[in-house]
Amino acid sequence: MAASCSLLHVPLDSAPERDIDPQLLRWLAFARQKTTETVTLAKGLTLGTDAITGELAANRADLGARANSPRHP
């Protein structure tokens, strides 16, 4: 497993960001978040989707919130 983009060309971590709306922040992936996503995908491929049900549910919730947001085109 590897990220499809370079992790060297994005900010390191979204956690310290204080000037970004928390709703928008959930839609962003900086280097640490991309690494976590890659590890989660590898875990799902290795152990099956039952091993990442919490992560999948959180992702579905984030996608639903984005789709229903007035900020989303």
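The structure we're discussing is the one just above.
An account of the accompanying structure is given in this report.

How each quantity is defined
- Residues numbered from 1 in each chain as written.
- Predicted model: local features only at pLDDT ≥ 70, side-chain atom pairs only at ≥ 80, totals over all residues.
- Heavy atoms only, no water.
- Helix = DSSP H or I, 4+ residues; strand = E, 2+ residues; numbered from the N terminus.
- Expected span 1.5 Å × (residues − 1).
- Buried < 20%, exposed > 50% of the residue type's maximum accessible area, 1.4 Å probe, protein only.
- Contact = heavy atoms within 4.5 Å.
- 1 Å grid on protein atoms, 1.4 Å probe; cavity = no way out; pocket = protein on both sides within 12 Å on 5 of 7 lines; lining within 4 Å.
- Points joined across faces, edges and corners; volume = space filled by probe spheres on them.
- Nonpolar A, V, L, I, M, F, W, Y, C, P; charged D, E, K, R; others polar.
- Polar contact = N/O pair within 3.5 Å; in protein donor to acceptor, adjacent residues only side chain to side chain.

Our focus in this paragraph is helix H2 (residues 31-47). Here H2 spans 24 Å end to end across 17 residues, near enough to the 24 Å set by a 1.5 Å rise per residue. Within the sequence span of H2, burial applies to Ala31, Lys34, Thr38, Thr40 and Gly44. Buried residues in H2 make contact with helix H3 (53-67). Phi turns positive one or two residues past the end of H2, at Gly48, with a value near 100 degrees.

Taken as a whole, the largest pocket holds about 590 Å³ of empty space. The wall of the largest pocket is formed by 20 residues, among which Arg26, Glu37, Glu55, Asn59 and Asp62 lie closest to the centre. For the lining of the largest pocket, the elements supplying multiple residues, two or more each, are helix H1 (22-25), H2 and H3. The dominant element in the lining of the largest pocket, judged by the number of residues it contributes, is H3, at 7 residues. Class assignment for the residues of the lining of the largest pocket results in 10 nonpolar, 5 polar and 5 charged.

Here we take up the side chain of Ser14. Tracing the backbone through its elements, the reader meets Ser14 in the segment before H1. Owing to a relative accessible area of 8%, Ser14 belongs among the buried residues under this scheme. Here the side chain of Ser14 touches Gln33 through a polar contact of 3.2 Å, side chain to side chain. Leave out the neighbours within four places in its chain, and Ser14 touches Leu25, Phe30 and Gln33.

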